[in-house]
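The primary structure of each chain is shown beneath.
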Amino acid sequence: MKFVNSYKEKLKKYNDEHKLKYYIDTMGCQMNENDSLKYAGIFESMGFEKGDENNSNVYLFNTCCVRENAENTLFGRLGMLKKRKINNEEVYIAIVGCMTQQEHILEKIKKSYRFVDIVLGTSCMSIFPEKLYKAIIEGERKVEYIDMSNSLEEEVPIKYEDKYKASVSIIYGCNNFCSYCIVPYVRGRERSRKPEDIISDIKKLAKEGYKEIMLLGQNVNSYGNDFKEKYTFPMLLQDIEKIDGIEIIRFMSPHPKDFKDDLIEVIKNSSKIARQIHLPLQSGNTEILKKMNRKYTKEEYISLALKLKEIPDVSLSTDIIVGFPNETEQQFEDTLDVVKKVEFDQIYMFIYSKRNGTVAAKMEDEITYEQKVDRLERLKKLYEETLPKLNARMVGKTYKLIVEGKSKNNDKLYTGRTSQNKVVIFEADDSYIGKVVNVKIDSEHLWYLKGTIEK
Ligand code: SAH
Ligand code: SF4
Ligand code: F3S
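These remarks concern the structure in this document. Note that the coordinates shown come from a computational prediction; the quantities given were computed from them, not determined experimentally.

Basis of the calculations
Sequence order as written defines residue numbering, which begins from 1 separately in each chain. Throughout, the order in which chains and ligands are written sets their labels, letters from A for the former and numbers from 1 for the latter. Thresholds applied to this predicted model are a pLDDT of at least 70 for local features of residues and 80 or more for the giving and counting of side-chain atom pairs; totals over whole chains, interfaces and linings are not thresholded and use all residues. Note: side-chain values were computed over all heavy atoms of the structure, leaving out hydrogens and water. Throughout this description, the term nonpolar core refers to a set of buried Ala, Val, Leu, Ile, Met, Phe, Trp, Tyr and Cys residues connected via side-chain atoms within 4.5 Å. Only protein chains enter the calculation, and the probe is 1.4 Å; a residue is then buried if its accessible area is under 20% of its type maximum, exposed if over 50%, and partly exposed in between. Boundaries of every domain are those given by an automatic assignment or by a domain database. Note on definitions: a residue-residue contact is assigned when non-hydrogen atoms from the two residues lie within 4.5 Å. Put simply, DSSP H or I for four residues or longer makes a helix, DSSP E for two residues or longer makes a strand, and each gets a number counted from the N terminus. Counting of polar contacts relies on pairs of N or O atoms within 3.5 Å, with two restrictions inside protein: one atom must be capable of donating a hydrogen and the other of accepting it, and residues adjacent in sequence are counted only when both atoms are side-chain atoms. Distances are taken per atom, and a residue is near a molecule or strand as soon as one of its heavy atoms is within 4 Å of it. In the scheme used here, Gly and all other residues not listed as nonpolar or charged are polar, with Ala, Val, Leu, Ile, Met, Phe, Trp, Tyr, Cys and Pro taken as nonpolar and Asp, Glu, Lys and Arg as charged. Take the number of residues in a helix, subtract one, and multiply by 1.5 Å to get its expected span. Along the arc lie the directions from the helix axis toward the C-beta atoms.

On to the nonpolar core, then. Of all hydrophobic cores here, the largest spans 71 residues; its most connected members are Leu215 and Phe233. Of the domains in this structure, domain 2 (160-274) and domain 3 (282-390) are the two that each give at least three residues to this core. Apart from the residues lying within four places of it in its own chain, the contact partners of phenylalanine 233 are Ile170, Leu215, Val220, Asn221, Tyr223, Phe251 and Leu263. Counting 31 residues, the second largest nonpolar core, distinct from the first, contains Met46, Ile118, Met125 and Met148.

Listed below in structure tokens is the structure:
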């Protein structure tokens, strides 16, 4: 579905006089962040200016519900805005994204947060301008359930904040139904964007000077499964590789069960695909993996990870959940065992969070919260013990990177990330920003490396 905004001129005209400011509060994953860039693009195309947390008129909350705590955060923030509404300030509130796909959230907003103006689910950008127009011009305030989670919206304006790296969604939704996960229920089924749409977006970005592209999807390597003609994720990568000006291609997240040899070959033979692969493990125990509906075993995961590590200079990152319902100590130790064997450069660790409506929510769970926290701490400790050794392997070597800008803490120092996604700090000046340079690594400092530009 092509994005058409019939309210653009009307709201632009209103904004010529009223100069309304917008503020977007984004929770959740990179896909939500990408959606927020599109919402920003929509706002700016209608003459809204970017404001801040305190001085804006339209507040858009792009919500996440993958874990428990986000709900309280949202309702806390809404409470703060209520005062400004009561004081008759020109303030509008819109809530979009994953959380609003859930019935109980809609009920709660209808009952206790009636000052909210717009509520929309996922993939609802096409109707956002109309709702905004009605709220601002006609004073309509409506909480209605519109399910567009199976639609695919093209040609939505997008406003990137970075100058050199950009994210591009290639597939929406998820068909995997991992037993703990709410995403398939709130994001709908898998829909792959047409290759020509993706390629044309990236070509445009390359022309504008973007050098690094992050391809996004809940399961990027099932890209194309919904096409009639064969066109796969590895084929897409090969086509993106041909685009002049793009230096680094990243993607997340691939699912281990769909990581086949053709993809490994394409990565091996590519000079642009990042030497960093995110390979979500979730658990290192085969029985738990089965209960999670992940469709691979401990051994299959290790063998895939080690195969990927054979590619020179590849680093791996992963997601791990501790404390899945009734996970035993031994089962948790299997996770530690995989972490020891694979040696991840980055681990995103989560305590299992019960999500109503998922299969795991009905499973019995007798592990205490304290036990779960303890497991998380032990996992963290093991990870931090491995990291210096992995970083040390990079010392003395030279890596290509894009100079992203000044380091936050020191005016003379600049930063960039290697293809392995390691942050490097080095001396440079403003003329280097946006350029691709070679940096020799001098020392490692756990969360970053120090280096020197080679001239
Ligand atoms: N599609 C991606 C990411 C999904 S959400 C993937 O499959 O990797 C990001 C991460 O949140 C997941 O990888 C998982 O580790 C974590 N997560 C999802 N549901 C969770 C839950 N109920 N409790 C705790 N962590 C969860
Ligand atoms: Fe959730 Fe699994 Fe889909 Fe990832 S692959 S979004 S964890 S159901
Ligand atoms: Fe959260 Fe939705 Fe992403 S639930 S993790 S924002 S897909």
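Here the narrative resumes.
Here serine 167 is to be found in strand 7 (residues 165-169). Polar side-chain contacts of serine 167 include one of 2.8 Å to the side chain of asparagine 34. Every residue in contact with serine 167, bar those within four places of it in the chain, is listed here: Asn34, Leu37, Tyr160, Met214 and Leu216.

Looking now at the site of ligand 2. In the vicinity of ligand 2, the contacting residues are Cys174, Asn176, Phe177, Cys178, Tyr180, Cys181, Val183, Pro184, Gln218, His255 and Arg294. The class makeup of the residues in the shell around ligand 2 is 7 nonpolar, 3 polar and 1 charged.

When the terminal C-alpha atoms of helix 12 (residues 329-342) are compared, their 20 Å separation across 14 residues agrees well with the 20 Å that a helix rising 1.5 Å per residue should span. Taken residue by residue, helix 12 has Gln331, Phe332, Thr335, Leu336, Val338, Val339 and Val342 as its buried positions. Along helix 12, the residues classed as buried sweep out an arc of 155 degrees about the axis, all on the same side. Across helix 12 from its buried face, at more than 90 degrees, point the exposed residues Gln330 and Lys340. Where helix 12 is buried, its residues meet helix 10 (286-291), helix 11 (298-309), strand 13 (315-322), strand 14 (346-351) and helix 13 (369-392). Positioned one or two residues after helix 12, glutamate 343 has a phi angle of 55 degrees, which is positive.

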